[in-house]
Amino acid sequence: MPVSGLGDYDNANIFARILRGEVPCREVFRDRFALAFHDIQPRAPVHVLVIPTGRYVSMADFSARASQEEIAGFFKAVGSVAKALGLEEPGYRILANMGGHAHQEVPHFHVHIFGGRPLGAMLVE
Ligand code: 5GP
């Protein structure tokens, strides 16, 4: 059972549909643990989403229920995707929204990778 305040995992959420191949995406990377693809509404010249292949709604859910192997595999994918995108030297930002205050739209845990230009302050005041 998911442990976050976001409720049970919804199999119909858009990222679940992308994982099943029902909805297309511009794929960047895929392995047993993670899928990375370009965000449909990019907020930076590079805006890629990395999602675990397992069914987790949030960071709390992922960290509580995923195996050590899944957690390591997922975060290794985040790092290697950012590097493969050429963002290591100029720099980049990773961000994960959780719940209402953070405006999480899709209830499948994901990390955004932003880069390709100076990204400004950490948060909008
Ligand atoms: P959140 O607000 O949940 O952290 O971010 C969800 C992200 O998913 C948004 O940046 C949004 O543009 C992206 N997104 C929503 N639907 C789709 C889709 O069908 N395809 C892709 N590639 N990205 C999507």
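No experiment lies behind these values; they were computed from the predicted model shown. (Residues numbered from 1 in each chain as written. Predicted model: local features only at pLDDT ≥ 70, side-chain atom pairs only at ≥ 80, totals over all residues. Heavy atoms only, no water.)

Novice: Describe the overall build of the chain, and please don't skip the residues or the numbers.
Specialist: Of the regular secondary structure elements, the chain holds 3 helices and 5 strands. Secondary structure elements of the chain occur, N-terminal to C-terminal, as α-β-β-β-α-α-β-β. Taken over the C-alpha trace, the chain has a radius of gyration of 14 Å; the compact-globule value for 125 residues is 14 Å, and the two agree within 12%. Looking at the chain as a whole, 39% of its 125 residues qualify as buried. Summarising the internal contacts of the chain: among those between residues at least 6 apart in sequence, 55% fall at separations of at least 24. When the accessible surface of the chain is summed, it comes to about 7400 Å², and 56% of that surface belongs to carbon and sulfur atoms. Seen as two clouds, the 12 positive and the 13 negative side-chain charges of the chain have centres 3 Å apart. (Helix = DSSP H or I, 4+ residues; strand = E, 2+ residues; numbered from the N terminus. Rg over C-alpha atoms; globule rule 2.2 N^0.38 Å. Buried < 20%, exposed > 50% of the residue type's maximum accessible area, 1.4 Å probe, protein only. Contact = heavy atoms within 4.5 Å. Areas by Shrake-Rupley, 256 points an atom, 1.4 Å probe, with all protein chains shown as cover. Lys, Arg positive; Asp, Glu negative; His and termini not counted. Charge placed at Lys NZ, Arg CZ, Asp CG, Glu CD.)

Novice: Run through the packing of aromatic side chains, naming residues and quoting values.
Specialist: All told, the structure shown has 7 aromatic pairs when counted by the stated rule. A centroid spacing of 6.3 Å and a plane angle of 55° characterise the contact between Phe62 and Phe75, whose relative ring orientation is tilted. Linking Phe62 in helix 2 (residues 59-65) with Phe75 in helix 3 (residues 68-84), this pair joins segments that are 13 residues apart in sequence. A residue is classified by how much of its surface remains accessible, and Phe75, at 34% relative accessible area, is partly exposed. Three or more aromatic residues joined by ring pairs form one cluster here, namely Tyr56, Phe62, Phe74, Phe75 and Phe109. (Phe/Tyr/Trp six-rings, centres within 6.5 Å; stacked < 30°, edge-to-face > 60°.)

Novice: Tell me about the sheet that holds strand 5 (residues 111-115), and name the residues and values.
Specialist: Reading across from one edge, 1-2-3-5-4 is the order of the 5 strands in this open sheet, with antiparallel pairing throughout. The two strands at the open ends of the sheet, each matched to only one other strand, are strand 1 (27-30) and strand 4 (92-95). Between one strand axis and the next, the sheet turns through 20° on average, direction left out of account. Alignment of strand 4 against strand 5, held across 4 bridges, turns out to be antiparallel. Across the sheet, Leu95 pairs through a bridge with His112, a residue of strand 5. (Pairing = 2+ DSSP bridges. Axes fitted to C-alpha atoms, helices over the stretch in contact; angles between N-to-C directions.)

Novice: A description of helix 3 should follow, citing residues and the corresponding values.
Specialist: Here helix 3 contains 17 residues, and its C-alpha end-to-end distance of 24 Å stays within 8% of the 24 Å for a straight helix at 1.5 Å per residue. Residues of helix 3 that are buried include every one of Gly73, Phe74, Ala77, Val78, Val81 and Ala82, and no others. Down the axis of helix 3, the smallest arc covering the buried residues is 165°, so these residues share one side. In helix 3, the exposed positions that point more than 90 degrees away from the buried face belong to Gln68, Lys76 and Lys83. The inward-facing, buried residues of helix 3 contact strand 1, strand 2 (34-38), strand 3 (46-52), helix 2, strand 4 and strand 5. Positioned one or two residues after helix 3, Gly86 has a phi angle of 80°, which is positive. (Expected span 1.5 Å × (residues − 1). Arc of directions from axis to C-beta.)

Novice: An account of the site of the ligand is needed here, citing residue identities and associated values.
Specialist: Near the ligand there are 18 residues, and of these Asp39, Asn97, Glu105, His110 and His112 occur at the shortest range. One of the side-chain nitrogen or oxygen atoms of His110 is found 2.8 Å away from an oxygen atom of the ligand. Coverage of the ligand by the protein chains reaches 89% of its 520 Å² of free accessible surface. Of all the secondary structure elements, the ones that give two or more residues to the shell around the ligand are helix 1 (14-19), strand 2 and strand 3. Broken down by element, the residue count for the shell around the ligand peaks at 3 residues, all from helix 1. Looking at the shell around the ligand residue by residue, the class counts come to 7 nonpolar, 8 polar and 3 charged. (Near = heavy atom within 4 Å. Polar contact = N/O pair within 3.5 Å; in protein donor to acceptor, adjacent residues only side chain to side chain. Nonpolar A, V, L, I, M, F, W, Y, C, P; charged D, E, K, R; others polar.)

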